[in-house]
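# Descriptive analysis of the structure
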Amino acid sequence: MAFSGALTLTDLNDFLTPSQACIKPVEQVKEPQEIIEPAAATTGIVIDSSGSYYEVSANGASTNASSRGTERKLQQAQISLNDCLACSGCITSAESVLITLQSHTEVLNFLDSNPPVSTLGHKIPVLSIAPQSLASLAASLSSSSGSPVSLRQILRRVRAFSTRILGFEHVYDTTFARHIALLEHTQEFFERKKGNGKLPMLASACPGWICYAEKAHSEMLPFIARTKSPQQVMGTLVKSWFGNRWGMQPDQIYHVSVMPCYDKKLEASRQDFYNDLYSTRDVDCVITTGELELMMRDRSWDLSQPVENESVPDVDAEIPELLSHPGTSSGSYLHTLINSITTSHTSPVDLAIKSVRTSDYEEFTLRARETGEVLFKGAKCYGFRNLQNVVRKVGREAGVQVGRGAAGRLVGIRAKKRGVEDEKGYDYVEVMACPGGCVNGGGQLKPIAQAAGQKEDEEGFTRTWQESGVQMPVSEPPVEDSAMQGAKWGNKEWTKEVERVYWHDLPTPPPSPRPHDQGPESSSVCVDHLAVQVKIDLCYPTDGSLHESWASIMDEGAETRRRELFRTQYRAVESEVVGLAVKW
Ligand code: SF4
């Protein structure tokens, strides 16, 4: 199992085996201790046939008054996924062990044990799938069969498989949830611009980047947007909004999401997305695109076979389907803000796009045409290597010390030497951990013939995984060049192909944001209207009928509920990782 980011931490925080000692201490209950003479016998550990551990003294005497005979049973450490998220002691492998709890076998177990409809204890199984996952399935199918398939066709076929074979009762894509996330995200940006929060605002949709910031760059946390990601907004929609419509409580719905990366499993497991009142999560289980494909293969479902009406838009759908948000295939956060600023400006504006290193790091500057005044400066930054540069740049511009320990101090010194920036700093950065963004997530399907002869990874590094201490799967027969075998991302050509399929009949990517353009398949007015209805239904403002836009401010109680439902929090994680020891 792999995570986004081909980062290698030189102080042994990556790719460790599960045998690495966990730093979480066993809770110690203070009990009266027997007085042991200095230099008296030391204690030893024995393990019985059931695997229980006992502490015994070397002279056979009990080490504790409450012990059984001469032995004291030792407590077992209880380690949750949250403990692992709050620790950088043994990340990656231990997290991967724990998140097997968020796997397709868990989904199948649940579906097998779910009592029949209309019987006590039955939960409504709901599946939501990200458009990047649909694009990955479509690209893979198109490349193996030679005939193109659209995201709509794939959505229909996945829905047929999930309902007829697995027993899901509802299947949605997550683009309407993304639409709401984008509305709330824009709202948050303008709140910050008015002084209610820090700028630049950094995107909050990528858990790969968020976990990295929490563990290695806590000084960046005030800059990260609080708006929930589309996955978590979908969780709110399914468990609360649909739940109300279906007359079901949140814990009477089982919500599975299909996502392009493993990091989304970690996101869904965060404490912030746990409903204490109903003891349930917004998203109960996350599976990757690859896991969904595995389930289809296991159940002999042929995704290449058409299903009825698969190309016809569903006008009766409960929520709009396959909304296209022009800009980037990772959610179009930056472009949505640019659209918003452009349309709210009364005079003409010009947008300039500059590539900083590659297409994974671009700057966007919006100027008033008449005066040349910079109205907005943003960046799109994908991949950990670019991300590190952006973190330093943002820290320098904002006057905060970046990184911990020696790394942070060095950057601080450099910032002082450079003095005040002579140009406007960023207002916003769309940050994504994966090179190429979400279409290239670690949970996506790989190209048919991956990596033969490929020597460089997506960030331009030449890596030999074995030499880096990474145990690679043994391939049979051995491939010509195994340097990239098992790497988590696809190659550049494949990423471009998934991107092309993602945009289906739109330019790839659209040349520039087009105001009010929501793609050919939806009416933005209608979609915005439904989004506002969701807000009113869930936040129940006292003057509900007066709210015609997402941005309108409601009464205090409703605004509090809005923050609880559509935003989240981050917290720094104490780490012993030295920033300088991180190799990019
Ligand atoms: Fe997941 Fe997208 Fe972030 Fe990659 S860029 S870790 S796919 S959210």
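Structure shown above.
All of the points below concern the structure found in this document. If you're wondering where the values come from, they're calculated on a predicted model, not measured in any experiment.

How each quantity is defined
Residues numbered from 1 in each chain as written. Predicted model: local features only at pLDDT ≥ 70, side-chain atom pairs only at ≥ 80, totals over all residues. Heavy atoms only, no water. Helix = DSSP H or I, 4+ residues; strand = E, 2+ residues; numbered from the N terminus. Buried < 20%, exposed > 50% of the residue type's maximum accessible area, 1.4 Å probe, protein only. Contact = heavy atoms within 4.5 Å. Axes fitted to C-alpha atoms, helices over the stretch in contact; angles between N-to-C directions. Parallel < 35°, antiparallel > 145°, perpendicular 65-115°, else oblique. Left-handed = near helix turned anticlockwise from the far one by under 90°. Phe/Tyr/Trp six-rings, centres within 6.5 Å; stacked < 30°, edge-to-face > 60°. Lys NZ or Arg CZ within 6 Å of the ring centre and 35° of its normal. Pairing = 2+ DSSP bridges.

Right, let's talk about the side chain of Glu184 for a bit. In this fold, Glu184 is placed in helix α6 (residues 175-193). Given a relative accessible area of 1%, Glu184 falls into the buried group. If we skip the residues at most four places from it in the chain, Glu184 touches Thr227, Trp550, Arg562, Phe566 and Arg567.

In this model, Leu199 is joined to Pro200 through a cis peptide bond whose omega is 0°. As for its position among the elements, Pro200 is in the loop between α6 and β7 (201-202). Positive phi outside glycine occurs at Leu322, with the angle close to 45°. Turning to its location among the elements, Leu322 is positioned in the loop between α10 (289-298) and α11 (333-344).

Orientation of helix α7 (residues 207-216) relative to helix α12 (residues 384-398), taken along the N-to-C sense of each, is 50°, at an axis distance of 12 Å. With respect to α12, the element α7 is oriented oblique. The hand of the α7/α12 crossing is right-handed. Here Gly208, Trp209 and Tyr212 of α7 lie close against α12, whose contacting residues are Phe384, Leu387, Gln388 and Val391.

We now examine the packing of aromatic side chains. Going through the model one piece at a time under the given rule, you end up with ten aromatic pairs. For the pair Phe161 and Trp301, a centre-to-centre distance of 5.7 Å together with 50° between the ring planes defines the contact as tilted. Remark: Trp301 occurs in the loop between α10 and α11 and Phe161 occurs in helix α5 (residues 151-166); sequence separation between them is 140 residues. Since its relative accessible area comes to 0%, Phe161 is described here as buried. Pairing Tyr502 with Trp503 gives two aromatic rings, centres 4.9 Å apart and planes at 85°, and the pair type is edge-to-face. Taken together, Tyr172, Trp241, Phe242 and Trp246 form an aromatic cluster joined through their ring pairs. Directly above the aromatic system of Tyr426 lies the positively charged group of Lys393, at a separation of 4.8 Å from the ring centroid.

Further remarks concern the environment of Asp555. With respect to the element layout, Asp555 can be found in the loop between α15 (524-539) and α16 (556-566). Here the alpha-carbon distance between Asp555 and Cys539, two residues 16 residues apart in the chain, equals 9.7 Å. Excluding residues within four positions of it along the chain, Asp555 makes contact with Pro541, Thr542 and Asp543.

Time to look at the pairing of strand β3 (residues 53-57). The buried fraction of β3 is high, at four of five residues. Relative to strand β4 (residues 71-73), β3 is paired through three bridges, and the arrangement is antiparallel. Bridge assignment links Tyr54 to a residue of β4, and that residue is Lys73.

Everything listed is a geometric property; what it means functionally is a separate question.
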